[in-house]
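Chains, contacts and geometry: an overview
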Amino acid sequence: MRHLTMAMVLAGIAATASATTPATFARVGNATESEQEFFPGTHRARPVLGAYTNDTEMGLFAGGQDIGSSTDKFTPFDTRWGDMGDGTFANPVLAADYSDPDVIRVGDKYYMTCSEFHYMGIPILVSDDMVNWEILTQVYTSIDGYDSMNRYGEGSWAPALRYHDGRFYLYFCTPNDGLFMTTAADAGGPWEPLYKVKEVGGWEDPCPIWDNEGNAWLGRSQLGGGPIIIHRMSADGKTLLDDGKEVYNGPTAEGTKLFIKDGYFYLSIPEGGVGTGWQTVGRAKDIYGPYDTRRVLEQGATRVNGPHQGALVDTPDGEWWFYHFQSTGALGRVTHLQPVSWVDGFPVIGEDYDGNGIGEPMKIVAKPAIASGTEPHTVATSDNFDNGLGKQWQFNHNPDMSRIAVSDGHLAITLSTATMLRNAPNMLTQKIMGYSGTVTVKVDVSNLAHDGRAGLLCIGNKTVGFGIRNTYGTMLICTDTNNTIKAIARGENTVWLRFTYDMTTSTVQPWYSLDGEEYKKAGDAFEMSDGDWKGARFGLYAFTKSSTEESTVAIFDDFEYITDHISHK
C-alpha cells in the first residue's frame, strides 16, 4: 500500500509538472541524499557471485541500486559532450566507456587509464588540456589464462596509474587471478611484462603510494565493497610486506585512490554502488588513519547518477579537477570532469545546486586554464588499416595473432572454429563513442568457405553479428543475435555493412549495400545495453562452426566510424 501511494504521489507530481513546467525533480523517501529508501543496505550493497564473475550484465552486480533514484523525465536529453570549441566543454568529457578512470599529471601532460575487464588491454591516454584525449598505447596485449572465451567480466578491474622516481607504475587486480603491476620509463611504452605481485582472489582496486622518505604502501579494497586495507610495500612496488591493515569501512567502499597533500594522507573512494553512489574523501596524518571523511560529490538534483570513482588532479598553476564516471547503460560508464576548490582541507567538487554542502556534477564547464593550442578532437575511431591496427582496437580475450594480418590497407582475419559468435576468438572491438553516429566497413568474403561468417559486431548484454554467411556457395546477409540466425538478403563477394546508432534510445540499426553507395535497412533496429561490466561495443568478427581444417579468410577495408563529436561534424 505504501508503494502504491508513493506511485500515486509521483504520478501527481509528474502531471502537474507537465502542465506547468518542462522539468521537475521528485525525491523518493526521506533519507539523506544517495541513501533513498530503496537503497539496499549499508554495507556490501553490491551482491557478489561465487566465482566473482558476471555472466550477464552490470546490473546483476549493481544490485538494482538504480531503483528509487530520482530522474527528470521531461527535459530532452542533452547530447553535447567534450570540447565545445568556445572555451567550454560539456560533460561527459569522454562519452565512451572509460570506466573507473584514473588520471595523473606529469609535468604539463595528463595521462589517463581505465578498467577494461576481458578486453585486451589497459589503455594509456594523453592530453595537453585535460579535455581532448588520444590513445598512446595499450599496456599489455594478453593475460595468462584468457585464451578461451569464457572469462567475461573478469580481467582488469579499476587500475591505478602513478608516477614515482622517474617511472610510471600501473596496478590492477583481476577478481580471480590476483594483483598485477607493470612499469615503464615512458607512458607510451614499452611497458614491462605484467608482474603478478600476489596470487589471490577477491581483491580489487589497488593503488600504490610513496612518501617523501621513500616508504611505499598499497591500498586496496575487498571485492564486494570494502573494507579499505593498506599494505606496506617494497620500494620497487613488487612485494607486499604484510597482510595489511583495515583503515576504513563504509557502504560499498572501493576504488581506493591515495595521495599526499599539505602534510596529509588523502583517501579518495567511491561509495554506495555503481548506479547511485557518491564520492567520499578522507584525510589523516598517518597512512593508517584515523581518517576524517566527508562526502564531496553526489547526484543531488542532477541527472548524473552514480558520480564517483575517479581522480583528483592539479594543474601546474594550482587548479584542481576531478574525473569521475557515470553509469549510463549501453554507453557504459562515461567520463566526466568537474572543477574543484579546497575548503578546510577538503575538496568541493562541481556545484552545490541544492545547498546541502555537497557538490553535484556540472554539465557545461569552462575549460581548465592551461596554455594549449589543442583543437577539439576525441579518441580515434576510424581505421583504414594503412598503418597496422589503430590503437583504439582491443581484442575480446587473448588474440591468436597468427590469424591476424594487416597489410596494404587491409585487415585479414583467418577464420577460427567456435560454437557461437560469443565464443569466437579474435573479435576485434572498440568502444561506442558518443550518443549517435555511423559505423561502416567494406568486407571481401570471396575466400570464405561453406559456413564461414564475417562482418560487423555489436556486443554488450547480447552478442549481435551482422554480416555474410557462406551457405554452400550462396552468400547470405544475416543477423546473428545470441546464436539465432536470421537471413536478410542475398549478398555478393564484396559487401558494405553499416550500423547507425542512437544511444539516447540504446538502439542500433543495421544496413547493407552491394555497391557502397545505396544502403538498405537490414531488418529492424535492435536494443543494446551494457554487459559483463562494460558498455556495448562495435567491432569485427570472422569465424566458422564447421570443423573443417580448410583455412578461409575474411578481408576488411575502410572502417569508417563517424560520431556526434564536434570534431566529426
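Note: the structure precedes this text.
Residues numbered from 1 in each chain as written. Predicted model: local features only at pLDDT ≥ 70, side-chain atom pairs only at ≥ 80, totals over all residues. Heavy atoms only, no water.

1. Structural notes on the sheet that holds strand E13 (residues 216–222)
- Within the open sheet, the 4 strands sit side by side as E12-E13-E14-E15. Their pairing is antiparallel. In this open sheet, the two edge strands, each paired with only one partner strand, are strand E12 (203–210) and strand E15 (245–248). Across the sheet, the axes of successive neighbouring strands diverge by a mean angle of 30°, strand direction being ignored.
- Where E13 and strand E14 (residues 228–233) come together, 6 bridges link them in antiparallel fashion. Bridging from a neighbouring strand, serine 221 pairs with isoleucine 228 of E14. (Pairing = 2+ DSSP bridges. Helix = DSSP H or I, 4+ residues; strand = E, 2+ residues; numbered from the N terminus. Axes fitted to C-alpha atoms, helices over the stretch in contact; angles between N-to-C directions.)

2. A word on the packing of aromatic side chains
- What the rule picks out here adds up to 27 aromatic pairs.
- For the pair phenylalanine 172 and phenylalanine 180, a centre-to-centre distance of 5.4 Å together with 15° between the ring planes defines the contact as stacked. By the burial criterion, phenylalanine 172 is buried, and phenylalanine 180 matches it.
- Here tryptophan 320 and tryptophan 342 contribute two aromatic rings whose centre-to-centre distance is 5.3 Å and whose plane-to-plane angle is 75°, an arrangement assigned as edge-to-face. Of this pair, tryptophan 320 sits in strand E21 (residues 320–327) while tryptophan 342 sits in strand E22 (residues 333–343); the two residues are 22 residues apart in sequence, bridging distant segments of the chain.
- The class for tryptophan 342 is partly exposed, based on a relative accessible area of 22%.
- Above the plane of the ring of tyrosine 195 lies lysine 238, whose end atom (NZ or CZ) is 5.2 Å from the centre. (Phe/Tyr/Trp six-rings, centres within 6.5 Å; stacked < 30°, edge-to-face > 60°. Buried < 20%, exposed > 50% of the residue type's maximum accessible area, 1.4 Å probe, protein only. Lys NZ or Arg CZ within 6 Å of the ring centre and 35° of its normal.)

3. Some details on unusual backbone geometry
- A cis amide bond, omega -15°, links methionine 120 with the succeeding residue glycine 121.
- The step from glycine 189 to proline 190 runs through a cis peptide bond, and the omega angle for that step is 5°.
- Considering the arrangement of structural elements, one finds proline 190 in the loop between strand E10 (178–184) and strand E11 (195–198).
- Look at aspartate 262: it is not a glycine, yet its phi comes out positive at around 55°.
- With respect to the secondary-structure elements, aspartate 262 resides in the loop between strand E16 (257–261) and strand E17 (264–271).
- Unlike most non-glycine residues, asparagine 426 shows phi in positive territory, near 65°.

4. Some details on the environment of aspartate 314
- Tracing the backbone through its elements, the reader meets aspartate 314 in strand E20 (residues 308–314).
- In this structure, aspartate 314 is in contact with Arg105, Tyr110, Glu319 and Trp320, ignoring residues within four places of it in sequence. (Contact = heavy atoms within 4.5 Å.)

5. Some thoughts on the sheet that holds strand E6 (residues 123–127)
- If you walk across this open sheet you meet the 4 strands as E3-E4-E6-E7, and the pairing is antiparallel. Edge positions in the open sheet fall to strand E3 (102–106) and strand E7 (134–138), since each of these has one partner strand only. Going from strand to strand, the sheet's axes swing by 25° on average, the running direction of each strand aside.
- As paired strands, E3 and strand E4 (residues 109–113) are joined by 5 bridges and run antiparallel to one another. In the sheet register, aspartate 102 faces E4, and the bridge partner there is threonine 113.

6. With respect to the pairing of strand E9 (residues 167–174)
- Buried residues dominate E9, accounting for 7 of its 8 residues.
- Here strand E8 (residues 157–164) pairs with E9 via 6 bridges, running antiparallel. Residue histidine 164 lies in a different strand from E9, and its bridge partner there is arginine 167.
- The hairpin turn running from E8 into E9, its antiparallel successor, is 2 residues long, and aspartate 165 in that turn takes a positive phi close to 55°.
- Where E9 and E10 come together, 7 bridges link them in antiparallel fashion. Residue pairing across strands places tyrosine 171 opposite methionine 181, the latter belonging to E10.
- Between E9 and E10, which pair antiparallel in sequence order, lie 3 residues.

7. Brief notes about the pairing of strand E31 (residues 452–459)
- Burial of E31 is extensive: 8 of the 8 residues sit out of reach of the surface.
- As paired elements, E31 and strand E39 (residues 537–544) share 8 bridges and run antiparallel to each other. Residue arginine 453 lies in a different strand from E39, and its bridge partner there is phenylalanine 543.
- Relative to strand E32 (residues 463–471), E31 runs antiparallel, the two sharing 7 bridges. Across the sheet, residue cysteine 458 finds its bridge partner in E32, namely valine 464.
- Here E31 folds back onto E32 in antiparallel fashion, the turn holding 3 residues.

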